[in-house]
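Below, each chain spelled out in residue letters.
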Protein chains: 4
Amino acid sequence: MRFVKEARVRFGHADPAGIAYYPRFFEWFHDAFESMFEAAFQQSYAEVLASSECGFPAVQAACEWRRPARFGDLVQIEVFISRLTERSATFEYRVKKEGALLATASVKVAGMHLSQHRPMAFPPNIRTVFERYVEEDRDHPDTSRLRGA
Amino acid sequence: MRFVKEARVRFGHADPAGIAYYPRFFEWFHDAFESMFEAAFQQSYAEVLASSECGFPAVQAACEWRRPARFGDLVQIEVFISRLTERSATFEYRVKKEGALLATASVKVAGMHLSQHRPMAFPPNIRTVFERYVEEDRDHPDTSRLRGA
Amino acid sequence: MRFVKEARVRFGHADPAGIAYYPRFFEWFHDAFESMFEAAFQQSYAEVLASSECGFPAVQAACEWRRPARFGDLVQIEVFISRLTERSATFEYRVKKEGALLATASVKVAGMHLSQHRPMAFPPNIRTVFERYVEEDRDHPDTSRLRGA
Amino acid sequence: MRFVKEARVRFGHADPAGIAYYPRFFEWFHDAFESMFEAAFQQSYAEVLASSECGFPAVQAACEWRRPARFGDLVQIEVFISRLTERSATFEYRVKKEGALLATASVKVAGMHLSQHRPMAFPPNIRTVFERYVEEDRDHPDTSRLRGA
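Everything numeric here is computed off the predicted structure, so don't read it as measured data.

### A look at the overall build of chain A
Right, on to step 1. Secondary structure assignment for chain A yields three helices and seven strands.
Right, on to step 2. Written out in order from the N terminus, the α and β elements of chain A read β-α-α-β-β-β-β-β-β-α.
Right, on to step 3. The C-alpha atoms of chain A give a radius of gyration of 16 Å, which matches the 15 Å a tight globule of 149 residues would have.
Right, on to step 4. At a minimum sequence separation of 6, the contacts of chain A that also span at least 24 residues come to 67%.
Right, on to step 5. If you sum the accessible surface of chain A, you get close to 5,700 Å²; carbon and sulfur atoms cover 50% of it.
Right, on to step 6. Here chain A carries 20 positive and 20 negative side-chain charges, and the mean point of each set is 3 Å from the other.

Set out below in structure tokens:
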């Protein structure tokens with residue numbers, strides 16, 4: 001199952017070339033990530049964090065941009081999980097415009113106890129939700145060419 | 001050769017856990033990237049773009065966060081190039097605090113003609129500068145664990 | 001008539017005190033401003049700018065924060081116009097949570113020709129839309145206490 | 001006495017018109033504000049907050065933009081205080097390029113106890129620093145034209 005969040009490329013997201021400035025994609029991913037929690041828990045992401053005492057710091061990320069997102073574009077951000085362990089989850093993001101793939105990203109988050117600042121296993125209620133979004137992923141970001149050959 | 005840009009984790013960079021929100025790292029990388037141009041060309045990044053008509057959109061990125069950057073931390077962002085071709089360069093970023101590595105990232109940019117919006121080879125003066133920063137890189141972001149095994 | 005845009009205080013909007021970092025409010029205002037255009041023109045803000053060649057740079061702004069917006073809060077941003085002239089419009093923003101006023105702001109924008117970078121009167125189709133949102137405003141930001149007395 | 005912070009208009013600060021997106025000014029103001037603390041206390045803003053338990057939420061702001069700041073511009077942000085009371089301070093910001101005034105702003109902050117979330121008087125060591133920056137201010141933002149007449 002994929003969660004889908006729609007986003008508009010705003011004036012403040014676009015650079016002097018009229019194209020979305022690449023750090024903004026990660027803000028969109030986090031917005032879609034939080035929206036997925038809201039949809040799944042019927043609570044705000046803030047409430048889920050407060051009740052579980054579990055935070056989700058990013059530990060690894062990869063992104064590939066295939067086509068530019070332009071000022072004014074309406075994009076769909078698909079969210080799912082490609083890998084789930086006791087203490088980590090790799091969230092996948094696919095940014096599409098009219099079905100065409102603009103960007104593909106993976107962001108691995110780890111469970112962290114918010115007050116004790118130590119790693120923690122995902123609480124059962126969170127794990128149960130995450131399991132719903134686990135999906136075999138055939139189109140992940142290709143970062144092999146970051147360092148050639 | 002590495003270019004080094006110092007940055008302070010500002011109030012607006014930090015999240016409710018007091019830790020730098022991960023999309024901010026990519027803004028720091030771009031700031032360090034632009035500062036490197038200023039240092040190398042003795043012109044603003046904007047002037048280099050205007051005179052060369054060459055832009056540098058990100059096409060791939062990878063980042064690994066090893067230790068959190070906290071509100072108030074003073075960090076050094078090291079910039080160098082791990083791979084250079086006619087039309088692309090992979091910029092490496094190392095975020096350090098008192099010598100300890102907090103984050104390591106690679107961002108591959110491609111040459112793009114700013115008015116014609118097509119790929120272009122880096123102009124010779126830009127290539128010459130990029131060559132100065134090329135370095136064998138032994139500590140690149142490990143994103144192998146993004147997906148299984 | 002007021003246009004209303006709903007917004008959630010995201011993780012990346014909140015500071016280490018768990019409260020929305022004040023510059024984020026202006027990003028919400030611009031998002032609500034662009035959304036108002038979309039609702040009124042059935043086009044993206046980008047399309048309205050492109051077809052009219054008219055941009056809307058901010059020339060003056062005032063904001064008063066009465067209650068904090070906290071991480072996780074769901075707020076309503078009301079948009080209307082308190083003053084309209086040939087070449088300028090003062091947009092009003094009211095940020096409310098469950099009916100309680102959190103912040104009140106005014107942002108005056110001027111018509112600017114996008115390619116010629118000179119002041120221009122609002123095109124008739126834009127003026128007609130703006131007129132729909134003009135409203136007597138009884139609760140504007142009080143900035144009298146910014147300076148003594 | 002004025003504290004001066006230099007800033008470069010970065011690619012990510014500029015909009016599709018090549019001009020600094022107005023919410024970014026408030027981020028620059030906060031950066032200059034934090035830098036002033038560092039210069040005055042020889043500690044990070046984070047350390048001053050932690051040791052004093054006093055935070056500085058914005059309660060009112062006004063800004064007037066007189067000339068655009070363009071991508072690549074190097075600007076000087078002057079910081080001083082136009083009004084100081086037991087529990088509040090109005091910080092003034094002047095953004096200049098080669099001596100020309102681009103923007104002028106006032107941001108009133110109130111003392112807030114960080115753990116108890118209640119108003120508090122500025123601690124003596126902070127007040128002493130603030131007093132150094134108090135200055136009669138002859139060129140404050142004119143927001144009179146936000147509304148009619």
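There's more to say after this.
### Some remarks on the relation of the copies chain B and chain A
Right, on to step 1. Each copy superposes on the other: chain B lies on chain A with an RMSD of 0.0 Å after a rotation of 180° and an axial shift of 0.0 Å. The relationship between the two copies is best expressed as a two-fold rotation axis. For chain B, the smallest separation between a C-alpha atom and the rotation axis is recorded for Ala62 of chain B, amounting to 2.1 Å.
Right, on to step 2. Take the interface residues of chain B: 100% of them recur as interface residues in chain A, which is what a same-surface contact looks like.

### Quick look at the packing of helix H1 (residues 22–41) of chain B against helix H3 (residues 124–132) of chain B
For any two helices packed against each other, one specifies the crossing angle of their axes together with the interaxial distance.
All names here are of chain B.
Right, on to step 1. In the contact formed by H1 and H3, the axes pass within 11 Å of each other and the chain directions differ by 105°. When the axis of H1 is compared with that of H3, the two are roughly perpendicular. Taken together, the residues of H3 that come into contact with H1 (itself represented by Met36, Phe37, Ala40 and Phe41) are Asn125, Ile126, Val129, Phe130 and Arg132.

### Some details on the packing of aromatic side chains
Right, on to step 1. Tallied over the entire structure, the rule returns 106 aromatic pairs over all chains.
Right, on to step 2. For the pair Phe26 of chain A and Tyr22 of chain B, a centre-to-centre distance of 6.2 Å together with 75° between the ring planes defines the contact as edge-to-face. Of the two residues, Phe26 of chain A is situated in helix H1 (residues 23–41) and Tyr22 of chain B in helix H1; the pairing between them involves two chains.
Right, on to step 3. Aromatic pair Phe33 of chain A and Tyr45 of chain A: ring centres 5.5 Å apart, planes at 70°, arrangement edge-to-face. Remark: Tyr45 of chain A occurs in helix H2 (residues 45–52) and Phe33 of chain A occurs in helix H1; sequence separation between them is twelve residues.
Right, on to step 4. You can call Phe33 of chain A buried: its relative accessible area is 2%.

Thresholds applied
- By convention here, each chain's residues receive numbers from 1 onward along its written sequence.
- Chains and ligands are labelled by the order in which they are written, letters from A for the one and numbers from 1 for the other.
- Predicted model: local features are reported for residues with pLDDT of at least 70 only, side-chain atom pairs are reported and counted for 80 or more only, and whole-chain, interface and lining totals are derived from all residues.
- The basis for the side-chain values is all heavy atoms of the structure; hydrogens and waters are excluded.
- Segments assigned H or I by DSSP are reported as helices when at least four residues long, segments assigned E as strands when at least two residues long, and all are numbered from the N terminus.
- It is over C-alpha atoms that the radius of gyration is taken, and the globule rule equals 2.2 Å times the number of residues to the power 0.38.
- Note on contacts: a residue pair qualifies if any of its non-hydrogen atoms lie within 4.5 Å across the two residues.
- Here the accessible surface of atoms and residues is derived via Shrake-Rupley with a 1.4 Å probe, and residues count as covered only by protein chains that are part of the display.
- Counted as positive: Lys and Arg. Counted as negative: Asp and Glu, with His and the chain ends omitted from the count.
- Here the site of a charge means NZ on Lys, CZ on Arg, CG on Asp, or CD on Glu.
- Fitting of the copies onto one another was done by least squares over C-alpha atoms, counting residues only where both copies have pLDDT of at least 70.
- Lines fitted to C-alpha atoms define the axes here, with helix axes fitted over just the stretch in contact, and angles between the N-to-C directions of these axes take values from 0 to 180 degrees.
- If an angle is under 35 degrees, it is roughly parallel; if it is over 145, roughly antiparallel; if it lies from 65 to 115, roughly perpendicular; otherwise it is oblique.
- Two rings from Phe, Tyr or Trp (for Trp, the six-membered ring) form a pair when their centres sit within 6.5 Å of each other. Planes less than 30 degrees apart are called stacked, planes more than 60 degrees apart edge-to-face, and all others tilted.
- For every residue, the accessible area obtained with a 1.4 Å probe (protein chains only) is divided by the maximum for its type, and the residue is called buried under 20%, exposed over 50%, and partly exposed between those limits.

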